[in-house]
Each structure stands twice: as C-alpha cells, then as structure tokens.
Amino acid sequence: MRLSPIALPLALSLALAGPTVARAAEPAANPRGFTAKDLVMLDRVSAPQFSPDGDQILYALRQTDWAADRGIGSLWVTDASGGPGVRLTAVDQPAAAGAWSPDGRFVYFLSAKSGSMQVWRVSAGGGEAQQVTDYPLDVGSFRLSPAGDAIALSFEVFADCATLACTADRHTANADDKRTGVLHDKIFVRHWDTWKDGTRSQVFLSALGDDGKASGEPRLLTRGIDGDVPGKPFGDASDYVFSSDGKHLVFSVRIAGRSEPWSTNFDLFEVPVDGSAAPKNLTDANDATDTNPVFSSDGRTLFWRAMKRPGFEADRFGLMAMDRATGAVREIAADWDRSFDTLVPGDDGRTMYTATLDTGTHPVFEVNLESGAVRKVVGGGNIASFDVDGDRIVFTRDTIAQPADLYLGAIRARIAERRLTDVNAERLSGVRMGAFEQFSFKGWNDATVYGYVIKPWNHQPGQKAPVAFLIHGGPQGSFHNQWHYRWNAQTYAGMGFAVVMIDFHGSTGYGQAFTDSISEDWGGKPLVDLQKGWAAALAKYPDLDGERACALGGSYGGYMVNWIAGNWNAPWDCFVNHAGVFDLRSMAYSTEELWFTEWENGGVPWENAAAIEKHNPVNFVQNWRVPMLVIHGQKDYRVLVEQGLATFGALQRKGIESELLYFPDENHWILRPHNSVQWHETVNAWLQRHAGAPQAR
C-alpha cells in the first residue's frame, strides 16, 4: 500500500481524513435492525474516475445535513493502489459533477458557493478552490475540451436573447411584474416537477485563460436548436461530447416544436466549436432515440446508444458506431438481448464497457467492437458507476444488504478485487441486515420469472414473519439486487417484516421481449406473475406468514396496488399506494410525457378507449375492501396529485379504513431527508397496525 506523489501532499494538507478503508466487521454486542433514519443519513459514494495518469481515483460523496434537511456533495481522491481517501473540496463548499483536467493537475466541479452555480477548480494536490466561471446565470453542466483550453457549458436561456445578461434581466423583470398569468400555446407546459418558463437549456463555449478562468460572453454552440441540451429532467454532460481533436461538439437533443410531449426522437447533432457552421443532424434517419455520444480515443469512430421504435421509452438501447471518414453506421452486438447503458471505451480501441441490468443484477460487460462478443467483467450486485484504465476497473457496488462503496478490480488479470472505501462502517456498526435470496418460478404462460425474498434482521428459523410485498414502478423497471434509497427492503426487514419482490413481465434485464410484454397489458401478465410469485414464495419459504401481509407500490406499483384492490384483494391485510394511477383515462390526458401513455395504451385515448378501460382501476372500485394508505406529492406532474386524491376519496366514500399522506413540496419521489423519514414512519406504522409484529407459530 502506498500514497502516490499527488496524494501524499494532499493527505498532509487536509485535516479531515477520508472514508475508511474496508476492514473486518466486528460482531455488534447489541445488534439492531436498520431504520429509516439510518437510510437517509448514509453517505453515498458515486462517480469514480481514474486520473489521466491512472494513479488517483476521484469520486463523489453525498452526506446528509439533517439540520439543513438536504444532501451535501463533496469530492474525494483515493490512491489507486488502495490507500485511504482524502477530501479534495472544502467542508464549506458543496461540490458536484467533478471532472479531471486533461493533464491531471486540477479537478473541476460545480458549486454554488459564490451565490449561483458556477464552475470551480481545485489543484489535484489540494488547496483553495478557484472560481472558473462568473456568469449571470447558473451553470447547468460542463465539459472540458481535450486540450483543457476551453469549456462547454449549459445555461437555461431565452431563445431570442443574444447574451446571458438578457436572460437574467428578463427573469428579474418577470419577478417584478405584478401580473401572475402565464399564456401558453403548446401543450408541454410543465415537466416532471417544474412549470416551463420559456427558456431552453443550451450549450455554449468559453475559452479558458492562462489563469484558468473563463472570460467574455460565451459562444452559443447550439444555435437554431429548439430543444434542451442536456435533455430534461435528468440529462447531464453525457448528452454532449468534444471530438478527440476538440474541433467539434456532438450533442443529443429532441427538437421540440408541438410534438415534444409525444416524441422520443432524440438526434445527434455535430457543430464546429469555432461557430463557423450551424449544427448538422447526424442521425436524421432514425426517428427513435439517439443519445450519449462517445468518441474513440483516436477520434475515428463515434459511438452512441440508439433505440429503434419511435415513441417507446423502454425500447432496447443498441450500440451504434459511425466511421467518421465515411459516415458509415453499423450496430455492434445487435444479437445481444440486453440494453446498453453507460458507455466507457477501452483504452485499446477494441472494446467498449457498459453496465446494464441482467437477470436481477446490474453487472459490467465488455463488448468486442469488431466481433460483437460480450462477456461479463464485474458482477455481484449493482454496479452503478465505473471507469476503466487499461486492465483496471474502478466501480461502486451495492446490494440489497449493503450500500455502495468503492472497489478496484482487474478486467483480465487474475487479481482479487480490492475494496477501497467503507464510508458507513461506523454508522452501521451495530446494524444487522436481513439476509436475502433470489428465487425463480413459473409465471405467466409458464415463463421463468425471478424475485427476491429478504428475511427479517432478527429472523429465527421456525418463526413466522409478516410480509411486505413490494411492487416496483416503471413499469419497465426492476427491484433487482440493489441498495434503493426510496424503496429499501432493509427498512422493512429492520422492523421485523420479511420482504418479497417480483420482477414480473415488463421488468428490465430479462430480454426485450419480456420488457415489451407489459405494453397494453398492465393488469394482465404482471398480475399473473405477482399471484404466482406470491404462491411460489409461500411454498418455498415456510417462515413467510401469508396470513399477515401487505402489498406496497409506487408509480406503476401504485397503479398495481389499485388494480389488486379490485381484482386480487383476498391475501392482503393492507395496501400502501404511493403516487399510483387511479384512472388511466384521466392519466392519458393529464400527464406531461404523452409518449409514455400513448405507447402503453396503444394510441391516443380517444381512439383506443377500450384498451384503457380493460385495465383501468377506477372500473373496479366496487370490489375494494382492504385498508389503504395513500401517499402523493403536489409537484408530481407525471402522476398528478388528483390521482391520489381520487383514490383516497373512493376509499373514504366506501367507508374503507384509509389515510392520506400529502407532501406539498415533493414530486413523484420523496427526496428531502425529513420527509423521507416521515414517509417511512407513516408506512411502517400502517404495516404494524394491520399486519403486526412477528411471532412464533
């Protein structure tokens, strides 16, 4: 074990020691179960990146400030040989989106320390951070040029403004206007949790001076583009990339117009960074999604991920490659029945790496770019983020029973992987997690379907445990072997419940046909899988108490709770419905991303009403009888709060025991720490009231 020349002065200069290196766990004298407060207070490791010379690893750490009710980000550096980490950014400067400079001398990042979100940099050897940008608007994302002499930046701007100051001044004028009415002439008036204000996210270029600072008005690179770069609401700097020579920028964007709310047609555009030409569409031939452009190290090939079916957001992502000299496009590993996710090119120019769902896990795969051969490189749970340097791979791994930590492994050499961090060792020292196991059964049409069972933290053989039956959202999603920060199985195991989770037809990671099968059949095959999965779990695990069980779900999982309430309520003592759909017809008219409901329902609602009504929970309210806790956030524009209010209203009008937990400041997810704890405490109290504590039988 050693500290490199970079890490040594850094370690000496910072008083705050980094996350601890993995060590053998000591048995707790008084073990306890995992709690919701434990969950929100955990430190979260993400985004590891090798330094250009491969000696150091940069990563992000999110810690919870309970008093401030928010997460605080920081950047850390650890020695790639396995030494302890040290904090790179100051304690009083929250930081995000860290990136190495091309020469490895600096780490650039986003911070709002100056009062607005701007780009900063800090020496890789430690010291005081330097502000790089000072613009009148918040920087949304950034990417450094290959030479490190320029920086691409995204800002939210009005299309008719020639300067950033113009947009800032208009925001000020709008805030001072006593009138509050807003006139819209397009349907996409809000998205996720935000009302649209007429701005677009656009990418600009700024030169960096010898002092490392950007100065002057940045040059608009995405001029003439009526769309958001990065895409909203979750796009980031992976939506655009410099060519290897730094002369061009390639970005992914969905041209808006009036079709924006029902289109998934993202295209790749290329633009010279000197502004000498307008952006050129590289993928106009594909009317589905093209995104996440990545260049080969020699610049001769452009790679990206692409779907084939317009309007289907859960289509398989294939790996595409364009020869820069000829423009010829080919698909790589077209026969591999998994969906490409994160793309990391290998240093040898012959391989690509991706992490994606596979049969209830999320491993990293290596793809041979010539033959298309695919092999698993790293598995063992959920590999959420990773980077590759030659034969080495650094990654975060979490499981159902373990939050994420940082690991270092080898791709080909027979070298044991090394755990680099143990960021929650002290916080979890007295916690005993519930053991878990994957199982399979014959589901709809006798197809093999998988699920997980998690035992209570204090499970004793022969002791019957009540069950929390968790139903995932999406619906094209998965409750796979991961550490989830909203639907965490250990919070239920920690209060003495067993947990059952089924990856029903429609789930991801089992082949595209399996994923496709749920469309236009929301209440069909998935319900059969849940019924058969429940029966299989009870048969295989006799310690599950089938007479004391509650079903819980969010989003599509909440829809399924409403569907089960009217079509399969016999086994259940209670339901929990978070942000669930009550009326599919109303949902089809009111949600913001119309492409989703139109694909899932087989068309627009006025032309395919029969398909909607076939599996519409509102049509089966007459069969409801089981107590239900309903939870909804006011800022949820995907599944509007009226869906939750209607569910609660139906329950109350029928005289069914029910409660409504309403969050005026949350969206489709519950994100604030205090609200998360309240969510869990309310849910747990509801489960305990109706299913009770475990007892020997």
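Please refer to the structure placed before this passage.
On a predicted model such as this, the values are computed, not experimentally measured, just so you know.

**Observations concerning the overall build of the protein**
When you go through the protein residue by residue, the secondary structure sums to 12 helices and 39 strands. Computed over the C-alpha atoms, the radius of gyration of the protein is 26 Å, within 12% of the 26 Å expected from 2.2 N^0.38 for a compact globule of 697 residues. Taking the principal axes of the C-alpha coordinates as reference, the protein spans close to 75 × 60 × 60 Å. A total of 697 residues make up the protein; the buried ones form 58% of that total. For the protein, contacts bridging at least 24 residues in sequence account for 60% of all contacts bridging at least 6.

**What about the state of the cysteines?**
Within this structure, the stated rule accounts for 2 disulfides. A sulfur-sulfur separation of 2.0 Å characterises the disulfide bridge that pairs Cys161 with Cys166. With the S-S bond torsion at -55°, the cross-link from Cys161 to Cys166 turns out left-handed. We classify Cys161 as buried; its relative accessible area is 14%. Relative accessible area serves as the criterion here: at 25%, Cys166 is assigned to the partly exposed category. What pairs with Cys550 in a disulfide is Cys574, and their sulfur atoms sit 2.0 Å apart. An S-S torsion of about 115° defines the bridge between Cys550 and Cys574 as right-handed.

**Some details on unusual backbone geometry**
That bond from Val229 to Pro230 is cis: its omega, 0°, falls within 30 degrees of zero. Among the secondary structure elements, Pro230 is positioned in the loop between strand S14 (219-220) and strand S15 (240-242). With an omega dihedral of 5°, the bond running from Lys232 to Pro233 counts as a cis peptide bond. Along the polypeptide, Pro233 turns up in the loop between S14 and S15. At Ala97, a position not held by glycine, the phi torsion is positive, near 55°. Residue classification places Ala97 among the partly exposed residues on the basis of a relative accessible area of 45%. The residue Asn292 is not glycine, and still its phi comes out positive at about 55°. Mapping Asn292 onto the fold places it in strand S19 (residues 290-295).

**Overview of the side chain of Asn382**
In this structure, Asn382 sits in strand S27 (residues 382-389). Under the relative-accessibility criterion, Asn382 is labelled buried at 8%. Look past the residues within four positions of Asn382 in its chain and what remains in contact with it is His362, Thr396, Arg397, Asp398, His480, Asn481 and Gln482.

Quick notes on the rules
Starting afresh in each chain, residues are numbered from 1 along the sequence in its written order. Given that this is a predicted model, residues contribute local features only at a pLDDT of at least 70 and side-chain atom pairs are listed and counted only at 80 or more, while totals for whole chains, interfaces and linings are drawn from all residues. To get the side-chain values, take all heavy atoms of the structure and skip hydrogens and water. The way it works is that DSSP assigns letters per residue, a run of H or I at least four long becomes a helix, a run of E at least two long becomes a strand, and they are numbered from the N terminus. As a reference, a globule follows 2.2 Å times the number of residues to the power 0.38, and the radius of gyration itself is taken over C-alpha atoms. Burial classes follow relative accessibility: with a 1.4 Å probe on protein chains only, a residue under 20% of its type's maximum area counts as buried, one over 50% as exposed, and anything between as partly exposed. Note on definitions: a residue-residue contact is assigned when non-hydrogen atoms from the two residues lie within 4.5 Å. Cysteine sulfur atoms are paired as a disulfide whenever they fall within 2.5 Å.

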